[in-house]
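Take a look at the letters that make up each chain.
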Amino acid sequence: MADDNNGPRIGVYVCHCGGNISEVVDVDQVRDFAGELDNVVLSKDNTHMCSDIGQQLILDDIKEHNIDKVIVAACSPQFQGETFMDVLEKAGLSPYVVRMANLREQCAWPHFNHPDLATQKAKVLVNGAVANVRNSEALERQSMTIGKKVLVIGGGIAGIQASLDLGDAGFEVYLVEKDPSIGGHMAQLSRTFPTEDCSACILSPKMADVPANENINLLTYTEIDDIEGYIGNFKVTATKKARYVDMDKCVACGDCEKVCPISVPDEFQEGLRNHPAIYAPFDFAVPHRNLIDDTLCVRCGNCVDACKEDAINLDDEPEQIEFTVDTIIVATGYDVFDPSEKKVYGYGKYKNVITAMEMERMIVAGAEGNPIRNPGKKIAFVQCVGSRDEQIGREYCSRVCCMYATKMASLLKHSGPHRDVYIFYTDLRAFGKGFEEYYKRAQNMGVKFIRGRVAEALADDPEGRVTLKVEDTLTRRIIESDFDTVVLSTGIGLSKSTDKVADMLRLAKSEDGFLKEAHPKFKPVDTNIEGVFLAGTVQGPKDIPDTVAQASAASSRAIRLMNRGEYPIEPIVAFAHEEMCDGCELCVAACPLNAISMAEGKAEVNDALCLGCGSCLSSCPTDALDLHMYTNTQMLDEVTNALKDKKEGETRILVFADDTCTYRLADSVGTAKMSYATDSVIIRVPSGSRVTPKLMLQSLALGADGIFIGECEDRTSPFPHSGEAIRENFDAVTRILEEEGVSPERIRFVSFVTVMLGGFVNNVDSLVRLAKDLGPIPEDKREALVKDLNAKLFGVRTQA
Amino acid sequence: MPSEKDNDDVVRVDFAFRRELAEKVEGNLASFCYQCGACVGDCPATTYSSEFNPREIMLKVLYGLGDELIGGDSILWQCVNCYNCHERCPQEVKPVEVIISLKNMMADRGIYPPAVKKIIHTFETTGRTVPLSDAINRKREKLGLPPLEPVPMDEIEKLFEPLEEEGEE
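### With respect to the domain arrangement of chain B
- According to the domain assignment, chain B consists of domain 1 (12-108) and domain 2 (114-159).
- One C-alpha centre belongs to domain 1 of chain B, the other to domain 2 of chain B, and the line joining them spans 27 Å.

Below, the structure written as structure tokens:
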């Protein structure tokens with residue numbers, strides 16, 4: 001064991017993970033191997049490094065043996081990285097001088113059927129990690145001040161609940177709603193399942209609480225134009241659309257509506273009723289004021305004359321407003337699936353085929369004694385329209401349709417016991433509190449639940465009864481029957497208006513098209529962007545209780561960040577080695593976030609703006625720019641050690657995996673026990689754009705047979721333009737490889753989303769195969785690759 | 001020792017059957033079937049013969065009940081290949097393709113109705129499963145479609161060549 005008093009004193013801890021690792025990897029071999037490495041003072045193994053005992057082991061060794069850098073060879077740093085950072089901090093060390101060698105997800109699990117090779121690879125990973133940590137900097141966690149202002153986007157029940165929670169807790173809220181009133185879809189519903197509370201009755205007091213709350217700035221009929229900045233400093237630009245009615249003067253008496261010559265379908269009423277161009281959104285709207293729809297108004301001036309309050313101003317202009325907030329809650333909700341896309345159900349063609357939301361409005365109107373039309377005696381609900389349907393790319397269950405159909409069927413049966421009400425379902429999902437009981441109650445009331453997905457809706461007369469064809473799959477009978485009204489239980493998808501907001505904030509989407517939470521179990525309302533949270537159906541289909549719970553969770557997560565007045569920030573940012581910078585300014589242009597400026601002729605990085613992608617490093621001709629935690633020295637050391645023991649005839653490719661997608665993807669592949677070539681070594685980078693052309697060429701020169709860079713797809717990447725930066729780097733490296741007669745097929749760049757497990761495996765395997773076919777790069781060519789490298793790269797760059 | 005009869009109510013999955021089917025084109029798609037019945041509601045074969053039920057066929061495939069699907073009097077030949085089920089299926093199971101794969105398995109075993117033999121013969125001699133006729137071309141003309149030309153038989157013969165070679169091995 002090396003015991004050099006001058007160098008770093010590294011402790012290595014190899015974890016059994018209760019057998020998960022030790023049943024495949026020979027832990028003793030790895031431990032002994034690590035013990036022989038330079039600067040490693042001690043090397044130990046333990047069944048559970050993450051347990052209190054494991055943590056204490058590190059703490060004791062730091063105290064007794066003056067360990068000042070630590071390697072934990074265990075699971076993925078995505079799982080336990082924070083744990084060991086905290087341990088080091090507790091011991092008074094920098095939390096940034098610990099590295100994890102990922103023996104579980106990258107050795108034991110994917111290579112479970114090759115224990116020897118898994119063990120060999122474990123040594124390679126430990127060797128690389130030791131090299132990386134050797135020159136790690138003792139960075140400190142930093143913090144910045146944060147205020148108490150929150151932007152809540154969307155005024156449905158999610159946005160309302162979040163705003164009220166935040167306002168009550170003493171935080172200043174900007175609640176922005178694009179429509180003239182808050183309330184969202186919940187305002188349209190008849191009753192709520194399974195309790196059958198009147199939706200408007202329970203919602204309207206909450207809506208009224210919003211303007212009454214002194215901490216909430218309510219901005220209705222307002223669109224967000226732009227959001228810039230970051231947690232603690234989001235700059236919001238929004239436009240208050242022209243209402244043409246003075247909100248202070250209008251009393252919503254309705255006199256103006258009577259004289260307006262325009263009559264158009266009312267969106268709130270799902271087009272079943274009309275409203276004039278000057279109107280109040282609905283009778284319990286907040287704010288309850290009239291407004292003119294600019295796109296409909298013909299400027300006749302009738303309303304101006306009719307208004308006793310002198311509230312109408314036809315020259316009203318939209319107003320742009322700006323404000324800054326510290327955190328953001330996105331609660332932009334859902335759009336109902338447009339069933340005209342499913343042609344077999346004849347929506348839009350047959351008058352008596354309607355959507356569930358239309359039926360909600362019909363039930364409300366009927367209950368209010370002002371019926372829109374009679375649904376008739378025989379009514380069918382067709383489930384899963386726009387849900388669980390791969391034909392239209394919606395694989396997911398919308399989670400609310402079974403229960404809202406049960407609710408409306410019950411209400412229809414209640415108001416007309418003579419009615420024959422059928423629900424044709426694929427599978428009936430009554431999973432929530434009180435749902436199964438509610439389902440049973442509906443069955444007892446005589447609602448007929450038939451298990452079968454409707455094949456087709458047909459009608460001879462577009463205004464007449466509609467025939468449904470369906471198999472009762474439980475009795476094997478074919479039903480072909482006529483109905484007075486067919487209600488399509490339409491599913492829900494992300495609202496269109498969300499896309500703009502998601503783009504501005506660079507929020508990731510999950511495969512189902514909804515916005516993605518930071519972690520499906522433990523960070524269900526956080527996002528990939530710090531300080532931005534999700535509430536309600538924007539994250540996935542859910543009912544009202546779940547939406548409200550999530551809204552309260554989102555506000556609580558926002559409060560968690562803001563309450564202390566300061567917020568910890570990662571020190572993983574770019575910096576310039578001042579003595580090496582020659583002031584060429586190439587990096588200033590290279591940074592997509594404008595985080596680099598020149599100060600007295602030297603590059604200077606703004607820590608608050610820098611996200612730490614490392615793409616600026618490639619632009620620097622003098623290697624002056626560097627990235628904390630992933631410095632040029634550390635990366636080169638890690639690559640060198642990861643290739644050190646490669647023997648004659650062996651193949652080894654380096655997989656530079658970005659932290660957000662590819663590294664996690666590799667973890668998922670390991671967790672799924674999908675095997676891939678053991679001749680691959682995964683090296684963790686913040687973004688693929690951190691891998692400079694120089695590092696790629698150095699890797700090949702050091703013996704890598706192939707280089708594979710995995711990066712998030714642009715739309716899910718936390719780093720804007722990383723894909724473009726990587727492609728530029730690839731162009732430069734490709735040219736040099738071609739000049740030196742090395743196949744550029746050896747380098748590969750793939751954009752990933754974290755679910756492409758098979759894609760990861762195939763790419764790694766095929767690159768390894770290719771590298772084996774091509775054979776090793778001859779010694780002379782490897783030397784040529786890195787000869788006068790800086791000059792060569794500069795030449796290629798100026799050519800481009 | 002319990003006799004085989006004691007276990008008669010237990011579904012016995014015929015894995016060899018499932019593996020053989022999975023090797024056919026689109027043969028393994030039934031795995032995704034969630035038994036909604038959308039394929040049945042509009043199936044013309046079901047309309048005429050309630051014995052024929054594509055959902056049930058997919059279920060039997062899932063259970064690996066090869067014996068109930070493949071045999072001399074198989075119900076599968078009642079499928080008219082109209083592709084209605086394919087159009088309706090929300091899981092993109094393509095029931096019709098699975099059924100075609102099952103038919104191919106029967107053909108591999110040489111069990112198919114005489115009419116099928118006739119169709120194979122027609123294909124071998126004319127390159128079509130439905131022989132060309134004036135009636136067809138008159139109908140095409142009415143629809144504004146170009147007339148069908150005879151199939152180049154040398155190409156069809158080539159299609160059969162590798163099969164014969166395999167047979168020789």
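### A short note on the packing of helix α5 (residues 115-134) of chain A against helix α16 (residues 632-644) of chain A
Residues and elements named next belong to chain A.
- Relative orientation of the contacting elements α5 and α16 amounts to 155°, with a least axis distance of 7 Å. With respect to α16, the axis of α5 lies roughly antiparallel. Seen from above, α5 lies across α16 with right-handed handedness. For the pair α5 and α16, contact is made by Val124, Asn127, Gly128, Ala131 and Asn132 and by Gln634, Asp637, Glu638, Asn641, Ala642 and Lys644, respectively.
- Within the contact of α5 with α16, the residues separate by chemical class into 3 nonpolar, 5 polar and 3 charged.

### Quick notes on the state of the cysteines
All names here are of chain A.
- Within this structure, the stated rule accounts for 2 disulfides over all chains.
- Between cysteine 198 and cysteine 201 runs a disulfide, and the two sulfur atoms are separated by 2.1 Å. With the S-S bond torsion at 80°, the cross-link from cysteine 198 to cysteine 201 turns out right-handed.
- Cysteine 201 sits in the partly exposed class, given a relative accessible area of 48%.
- In this model cysteine 661 forms its disulfide with cysteine 712; the gap between the sulfur atoms is 2.1 Å. Residues cysteine 661 and cysteine 712 are joined by a disulfide whose S-S torsion is about 95°; by sign, that bridge is right-handed.

### Some remarks on the interface of chain B and chain A
- Taken residue by residue, the interface counts 21 residues in chain B and 17 residues in chain A.
- Summed over both partners, the interface of chain B with chain A comes to about 1,600 Å²; 41% of that surface belongs to carbon and sulfur atoms.
- For the pair chain B and chain A, the number of links is 4 salt bridges.
- A salt bridge links glutamate 456 of chain A to arginine 88 of chain B, with the shortest nitrogen-to-oxygen separation between them at 3.2 Å.

### What about the confidence of the model for chain B?
- Looking at chain B as a whole, its pLDDT mean stands at 86, while 89% of the residues score no less than 70.
- Interface scoring of the predicted complex returns ipTM 0.79; its pTM is 0.74.

### Structural notes on the sheet that holds strand β17 (residues 319-325) of chain A
All names here are of chain A.
- Read across the sheet, 3 strands follow the order β11-β12-β17 without closing on themselves; strand pairing throughout is antiparallel. Looking at the sheet topology across the chains shown, the edges are occupied by β11 (222-230) and β17. Here the strands of the sheet are splayed against their neighbours by 20° on average, with no regard to which way each runs.
- Direction of pairing for strand β12 (residues 233-240) relative to β17: antiparallel, over a ladder of 7 bridges. In the strand pairing of β17, alanine 238 is matched with isoleucine 321.
- Along the sheet face, helix α13 (residues 496-505) touches β11 and β12 and points at about 15° away from the line of β11.

### Some remarks on helix α4 (residues 54-63) of chain B
- Looking at α4 of chain B, one finds that the buried residues are Pro54, Arg55, Ile57, Met58 and Val61 of chain B. The arc enclosing the buried residues of α4 of chain B, seen along the axis, measures out at 160°, which places them on a common side.
- At its buried positions, α4 of chain B is contacted by β25 (466-472) of chain A together with α1 (15-23), α2 (38-41), α3 (44-48), α5 (66-69) and α7 (95-108) of chain B.
- Where α4 of chain B begins, one side-chain oxygen reaches toward the backbone nitrogen of arginine 55 of chain B, 3.0 Å away; that side chain belongs to asparagine 53 of chain B.

### A look at the sheet that holds strand β37 (residues 706-712) of chain A
Residue and element names in this part refer to chain A.
- Taken in spatial order, the 4 strands of this open sheet run β36-β35-β37-β38, and their pairing is parallel. Each end of this open sheet is capped by a strand with a single partner; those strands are β36 (680-685) and β38 (747-752). Within this sheet the neighbouring strands show an average axis-to-axis angle of 20°, counted without direction.
- Bridge count between strand β35 (residues 653-658) and β37: 5 bridges; the pairing is parallel. Counted as the bridge partner of phenylalanine 656 is isoleucine 709 from β37.
- Set on the sheet, α16 makes contact with β35 and β36; between it and β36 the angle comes to about 170°.

### Concerning a positive patch on the surface
Residue and element names in this part refer to chain A.
- A contiguous patch of positive charge on the surface is contributed by Lys523, Arg560, Arg564 and Arg664.
- Here arginine 560 is to be found in helix α14 (residues 544-562).
- With relative accessibility at 53%, the residue arginine 560 sits in the exposed group.

### Section: the pairing of strand β22 (residues 420-425) of chain A
Residue and element names in this part refer to chain A.
- Taken across its 6 residues, β22 has 5 buried, putting it largely inside the fold.
- In the sheet, strand β21 (residues 378-385) pairs with β22 via 5 bridges, with the strands oriented parallel. Among the inter-strand pairings, alanine 380 is bridged to a residue of β22, identified as tyrosine 422.
- With respect to chirality, the unit in which β21 leads through helix α11 (residues 401-415) into the neighbouring parallel β22 is right-handed.
- The pairing of β22 with strand β23 (residues 448-451) spans 4 bridges and is parallel. Following the sheet pairing, isoleucine 423 is matched in β23 by phenylalanine 449.
- Handedness of the crossover is the feature at issue here: the chain leaves β22, passes through helix α12 (residues 435-445), returns alongside β23, and the resulting connection is right-handed.

Conventions used here
- Residue positions are given per chain, counted from 1 along the sequence in the order it is written.
- Chain labels run from A onward and ligand labels from 1 onward, assigned in the order the entries are written.
- Owing to the predicted nature of the model, reporting of local features is limited to residues with pLDDT of at least 70; listing and counting of side-chain atom pairs is limited to 80 or more, with chain, interface and lining totals taken over all residues.
- Working from all heavy atoms in the structure, the side-chain values ignore hydrogens and water.
- An automatic or database domain assignment is the source of the domain bounds shown.
- Axis definition: a line fit to C-alpha positions, over the contact stretch in the case of helices; interaxial angles, taken between N-to-C directions, run 0 to 180 degrees.
- Secondary structure counts use DSSP, requiring at least four H or I residues in a row for a helix and at least two E residues in a row for a strand, with both numbered from the N terminus.
- Note on angle classes: values under 35 degrees are labelled roughly parallel, values over 145 roughly antiparallel, values of 65 to 115 roughly perpendicular, and the remainder oblique.
- Left-handed describes a crossing whose near helix is turned anticlockwise from the far helix by less than a right angle; the clockwise case is right-handed.
- Note on contacts: a residue pair qualifies if any of its non-hydrogen atoms lie within 4.5 Å across the two residues.
- Charged means Asp, Glu, Lys or Arg here, nonpolar means Ala, Val, Leu, Ile, Met, Phe, Trp, Tyr, Cys or Pro, and polar covers whatever is left, Gly included.
- Working definition: a disulfide is two cysteine sulfur atoms within 2.5 Å of each other.
- Only protein chains enter the accessibility calculation, which uses a 1.4 Å probe. A residue is then buried if its area is under 20% of the maximum for its type, exposed if over 50%, and partly exposed in between.
- Buried area: the accessible area, evaluated with a 1.4 Å probe, that two parts lose upon being put together, summed over both parts.
- A carboxyl oxygen of Asp or Glu within 4 Å of a side-chain nitrogen of Lys or Arg is what we treat as a salt bridge.
- Confidence of the predictor in every single residue is expressed as pLDDT, which spans 0 to 100.
- Think of it this way: DSSP has to see at least two bridges between two strands before they count as a pair.
- By arc we mean the arc of the directions from the helix axis to the C-beta atoms, nothing more.
- Polar contact is the term for a pair of N or O atoms within 3.5 Å; when the atoms are in protein, one must be able to donate a hydrogen and the other to accept it, and sequence-neighboring residues count only if both atoms are side-chain atoms.
- Note on patches: the residues involved have over 30% relative accessible area and no salt bridge, like charges join within 9 Å, and the nonpolar side chains Val, Leu, Ile, Met, Phe, Trp and Tyr join within 5 Å.
- Residue burial considers only the protein chains on display, and all accessible areas are found by Shrake-Rupley using a 1.4 Å probe.
- In summary, the charge assignment counts Lys and Arg as positive and Asp and Glu as negative, without counting His or the chain termini.
- All charge positions are set by atom: Lys at NZ, Arg at CZ, Asp at CG, Glu at CD.
- When the strands point away from the viewer, a crossover counts as right-handed if the route from the first strand across the helix to the second turns clockwise.

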